[in-house]
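Next come the chains, spelled out residue by residue.
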Amino acid sequence: MPESITITDNRTGDAIEIPILNDGISATEWSKLLPGIWFYDPGFMATAACESAISLLDGDVGILRYRGYPIEQLAENSTFLEVAYLLLHGELPNESEFEAWQLDITYHTFIHENVRKRFLEGFHYDAHPMGMLVSAVAALSTFYLDAKEIFNRDSRQKQITRLIAKMPTLAAAAHRFSVGMPFVYPDNSLDFASNFLSMMWKVAEPRFEADPVLVHALDVLFILHADHEQNCSTTAMRVVGSSHADPYSATAAAAAALYGPRHGGANEQVIKMLMEIGHIDNVPAFIEEVKGGGGRLQGFGHRVYKSYDPRATIIKRTADEVFGVTGKNPLLDIALKLEEIALQDEYFLSRKLYPNVDFYSGLIYQAMGFPLEMFPVLFAIPRTVGWLAHWQEMLDQDSKIARPRQLYIGPDARDYVPIAGR
Ligand code: CMC
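Scoring rules and cut-offs
Residues numbered from 1 in each chain as written. Predicted model: local features only at pLDDT ≥ 70, side-chain atom pairs only at ≥ 80, totals over all residues. Heavy atoms only, no water. Core = buried A, V, L, I, M, F, W, Y, C linked by side-chain atoms within 4.5 Å. Buried < 20%, exposed > 50% of the residue type's maximum accessible area, 1.4 Å probe, protein only. Domains from an automatic or database assignment. Contact = heavy atoms within 4.5 Å. Buried area = accessible area lost by both parts, 1.4 Å probe. Salt bridge = Lys/Arg side-chain N within 4 Å of Asp/Glu carboxyl O. Polar contact = N/O pair within 3.5 Å; in protein donor to acceptor, adjacent residues only side chain to side chain. Nonpolar A, V, L, I, M, F, W, Y, C, P; charged D, E, K, R; others polar. Near = heavy atom within 4 Å. Areas by Shrake-Rupley, 256 points an atom, 1.4 Å probe, with all protein chains shown as cover. Helix = DSSP H or I, 4+ residues; strand = E, 2+ residues; numbered from the N terminus. Expected span 1.5 Å × (residues − 1).

1. Observations concerning the nonpolar core
Link 1 in the chain: Tyr66, Phe196, Leu297, Leu338 and Phe370 are the most contacted members of the largest nonpolar core, which has 115 residues in total.
Link 2 in the chain: When we break this core down by domain, the ones giving at least three residues each are domain 2 (64-260 + 388-396) and domain 3 (266-367).
Link 3 in the chain: Once you skip the residues sitting within four places of it in the chain, phenylalanine 370 turns out to touch Phe196, Leu197, Met200, Trp201, Tyr365, Phe375 and Leu378.
Link 4 in the chain: If you look at the next biggest cluster of nonpolar residues, it comprises six residues, including Ile18, Trp30, Leu33 and Leu34.

2. Some details on the domain arrangement of the chain
Link 1 in the chain: By domain assignment, the chain separates into domain 1 (4-58), domain 2 (64-260 + 388-396) and domain 3 (266-367).
Link 2 in the chain: A straight line from the C-alpha centre of domain 1 to that of domain 2 covers 36 Å.
Link 3 in the chain: Counting residues at the interface gives eight residues for domain 1, matched by 13 residues for domain 2.
Link 4 in the chain: Taken together, both faces of the contact between domain 1 and domain 2 bury some 980 Å²; the carbon and sulfur share is 57%.
Link 5 in the chain: Counting across the interface, domain 1 meets domain 2 through zero salt bridges.
Link 6 in the chain: At the junction of domain 1 with domain 2, the criterion picks out seven residue pairs in polar contact (both at pLDDT 80 or more).
Link 7 in the chain: Taken together, the residues that form the side of domain 1 that touches domain 2 break down as five nonpolar, two polar and one charged.

3. Focus: the site of the ligand
Link 1 in the chain: Taken together, the neighbourhood of the ligand is formed by 18 residues, with His263, Arg296, Leu297, Gly299 and Arg303 sitting nearest.
Link 2 in the chain: One nitrogen or oxygen atom from the side chain of tyrosine 347 is found 3.1 Å from a nitrogen atom belonging to the ligand.
Link 3 in the chain: The separation between an oxygen atom of the ligand and a polar side-chain atom of arginine 351 is 3.0 Å.
Link 4 in the chain: The fraction of the free accessible surface of the ligand (940 Å²) that becomes covered by protein chains is 73%.
Link 5 in the chain: In terms of residue class, the shell around the ligand is built from seven nonpolar, six polar and five charged.

4. Some points on unusual backbone geometry
With glycine set apart, most residues show a phi of negative sign, and most peptide bonds adopt trans.
Link 1 in the chain: The backbone of phenylalanine 44 shows a phi angle near 50°, a positive value even though the residue is not glycine.
Link 2 in the chain: Structurally, phenylalanine 44 is set in the loop between α1 (27-33) and β3 (55-58).
Link 3 in the chain: Residue glutamate 229 is not a glycine yet carries a positive backbone phi of 35°.
Link 4 in the chain: Mapped onto the elements, glutamate 229 comes out in the loop between α9 (212-224) and α10 (232-241).
Link 5 in the chain: For glutamate 229, a relative accessible area of 22% translates into the label partly exposed.

5. Things to note about helix α14 (residues 310-326)
Link 1 in the chain: Taking 1.5 Å as the rise per residue, α14 with 17 residues should run 24 Å; its terminal C-alpha atoms sit 24 Å apart, in good agreement.
Link 2 in the chain: Among all positions in α14, only Pro310, Arg311, Ala312, Ile314, Ile315, Thr318, Ala319, Val322 and Phe323 are buried.
Link 3 in the chain: In the core, the buried residues of α14 are packed alongside β4 (63-66), α2 (71-77), α9, α15 (332-342), α17 (358-367) and α18 (375-396).
Link 4 in the chain: Remark: glycine 327 follows α14 within two positions and exhibits a positive phi of approximately 90°.

As structure tokens, this is what we get:
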């Protein structure tokens, strides 16, 4: 059997055979037969916009791999910085490569004083930290003018390092500002996750010592959130990057896409939903309300996963470890009951709606003391790695500027009528 399809234009009888390559067919071939006839695909439900070698997601069986490595093995054995190197370079680092990478990230954690003093402190006192982060990342492009040299490999690598290293510093600065606490400078003797926790929580102690269980849990959460192929924010990164904008501007666009409740804001919505339900006895009624069209079960469902999200399985285990230190999040019982009922209910089963990564991550963040507003920020820190890996891959592929077509449904040509005559 040939691995191809044949399309016939019934208006003319002309046909074209198009090979199936990597589970896709080329739209360029299609256009040879049908110029000016476009695929109508809102939300890109059936469109592959690029070739990518970074992560593989098989939603039917719940598989996620970074550069071929199963997410379960990376979460169990690796560290976030090692995974970051893997995503960016395609291979796990050897010892000296890792040492150099760790040192590089550690020594780029500081932000320009003007970013903090003049820029971040200029926000309104109750500014949302994610809004602050998006703006601050965009502002970084004005500090690093070499960022525009996107085809200079050294410059590109420098911006990638800066962005990954400075993200936790900006994130913690946004939080400290929103609670009226003084900024904490990075402590370069600490690892990535410990340093972030120090910048978040340090008060007057000379050195902040985070609980190692919580440091490990955060590192695992960072690994799980580091990449997820062509999701909304990564697509935003590629679209903006395709115009050859600098990486800070493109990353700010990606972070803005992550801000929405359908994407990185979902774990915040999960906690709000659980608080609204209030008690385990109210769960059945809430499920009925969702089924009747009264809102969505937040943290459930996914565009690609049509079985259990593998990240949710790992997170559920991590939650137990965290609750061993922090005490159980009182909302956990409501979440477990919701999951139990939903996974036996025809409405959710027939639509293949299972818990996604956000269903349990918010419970962990809340137990660790992070305010709800910080949840999307906590997602943005590790996802920066994925965004940059895709940005770099896209530039190396010499891709075209993103510019989809539309099916015009507006009025036909008509003449302008002066205002007095309307
Ligand atoms: N609760 C109840 N019903 C749902 C849900 C849900 N969470 N998600 C989808 N449905 C129903 C939806 O009403 C529709 O039913 P019907 O066929 O009767 O109209 C059907 O399932 C298909 O839904 P859809 O909106 O066409 O699916 P989608 O692939 O466009 O949406 C989604 C995916 C993630 C936006 C959606 O499932 C959702 O809104 N979930 C809740 C928010 C959430 O948890 N988001 C985090 C996603 S994972 C993290 C990330 O990648 O950022």
